[in-house]
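# A closer look at the structure
Spelled out from the first residue to the last, the chains are:
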Amino acid sequence: MKIVILNASPRKEGNTNKALTYLLERYKSDDISSFDLVDYDIKHCMGCLNCSKTGECVFGDDMDIIYDAIDAAELLIFTTPVYFNSVTSIGKQVIDRFQRNYARRFILKSKPKVDADKKGILFATAGSKEKNHEFDGVRMPVDLMFKANGIREYETIIVEDADKHDIENIF
Ligand SMILES: Cc1cc2nc3c(=O)[nH]c(=O)nc-3n(C[C@H](O)[C@H](O)[C@H](O)COP(=O)(O)O)c2cc1C
């Protein structure tokens, strides 16, 4: 299975990366492409809406690598720590750039709305426990990001209380 990981944690030795190694033990795939988003030159979406007319983004930056990788993916894993009840800023920056893929599927209709063979996982770590929908700010943008990429079937895993315990013991 071709797995693509978009890792929105800025901390390479942090909780999210540590927990991710345990998640990946589930899969026997030797075809995993992992992108530490913080290492890539990805510009902020400027809302020019060129993609709504042409299906193309005006920027020619590293997002092109991510677009190509996701086209080929069978499983897309989006990983992020919870920062201020949301995805990290680099994560949101990348999510906004998927407006290009949203436009292709839902505005221009040049691609099918759903790729039935593509699945997803939202994988987040958080310092606290969720009591009253605090992590919805992670779930909702990622839900739309999956839809923009044709993914309707996905699993959500949130590792709570991640700062108080060894990740090995809670996942
Ligand atoms: C800037 C910042 C904001 C955070 N905001 C939250 C938050 O709103 N809710 C929460 O549960 N944890 C919050 N945390 C804790 C992180 O979610 C937690 O430590 C996470 O596992 C960090 O993953 P990382 O090591 O991959 O960055 C925050 C941490 C930082 C650094």
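This text follows the structure it describes.
Structure report, in brief. Everything quoted here is computed from the prediction, not taken from an experiment.

Let's shift gears to the overall build of the protein. Regarding its fold elements, the protein presents 7 helices and 5 strands. Taking 2.2 N^0.38 as the reference for a compact globule, 171 residues should give roughly 16 Å; the C-alpha atoms of the protein span a radius of gyration of 16 Å, in line with that estimate. Residues classed as buried in the protein amount to 35% of the 171 residues present. Considering only intrachain contacts with a sequence separation of at least 6, the fraction spanning at least 24 residues in the protein is 82%.

The next thing to look at is the site of the ligand. The environment of the ligand is formed by 16 residues, the closest being Gly14, Asn15, Thr16, Pro81 and Gly127. Residue classes in the shell around the ligand are distributed as 6 nonpolar, 8 polar and 2 charged.

This next bit is on the sheet that holds strand 3 (residues 75–81). As summarised here, the arrangement of the 5 strands in space is 2-1-3-4-5, forming an open sheet in which the pairing is parallel. Looking along the sheet, the strands with just one partner apiece sit at the ends: strand 2 (31–36) and strand 5 (153–159). Between one strand and the next, the sheet's axes are offset by a mean angle of 15 degrees, whatever the strand orientation. As paired strands, strand 1 (residues 2–7) and strand 3 are joined by 5 bridges and run parallel to one another. The residue bridging Val4 from the neighbouring strand is Leu76, located in strand 3. Set on the sheet, helix 3 (residues 63–72) makes contact with strand 1, strand 2 and strand 3; between it and strand 1 the angle comes to about 145 degrees. Helix 6 (residues 136–148) rests against strand 3, strand 4 (119–125) and strand 5 of the sheet, and its axis sits at about 160 degrees to strand 4.

Glancing now at the nonpolar core. Within the largest apolar cluster, 39 residues are counted, with the highest numbers of intra-cluster contacts made by Leu6, Leu76 and Phe78. Contributions of two or more residues to this core are made by strand 1, helix 1 (15–24), helix 3, strand 3, helix 4 (89–97), strand 4 and helix 6. Top contributing element to this core by residue count: helix 6, with 5 residues. When neighbours within four sequence positions are excluded, Phe78 is seen to be in contact with Leu6, Gly120, Leu122, Phe123, Val142 and Met145.

Thresholds, definitions, all that
Residues numbered from 1 in each chain as written. Predicted model: local features only at pLDDT ≥ 70, side-chain atom pairs only at ≥ 80, totals over all residues. Helix = DSSP H or I, 4+ residues; strand = E, 2+ residues; numbered from the N terminus. Rg over C-alpha atoms; globule rule 2.2 N^0.38 Å. Buried ≥ 20, exposed ≤ 12 C-beta atoms within 10 Å, placed from the backbone. Contact = placed C-beta atoms within 7 Å. Near = placed C-beta within 6 Å. Nonpolar A, V, L, I, M, F, W, Y, C, P; charged D, E, K, R; others polar. Pairing = 2+ DSSP bridges. Axes fitted to C-alpha atoms, helices over the stretch in contact; angles between N-to-C directions. Core = buried A, V, L, I, M, F, W, Y, C linked by C-beta atoms within 7 Å.

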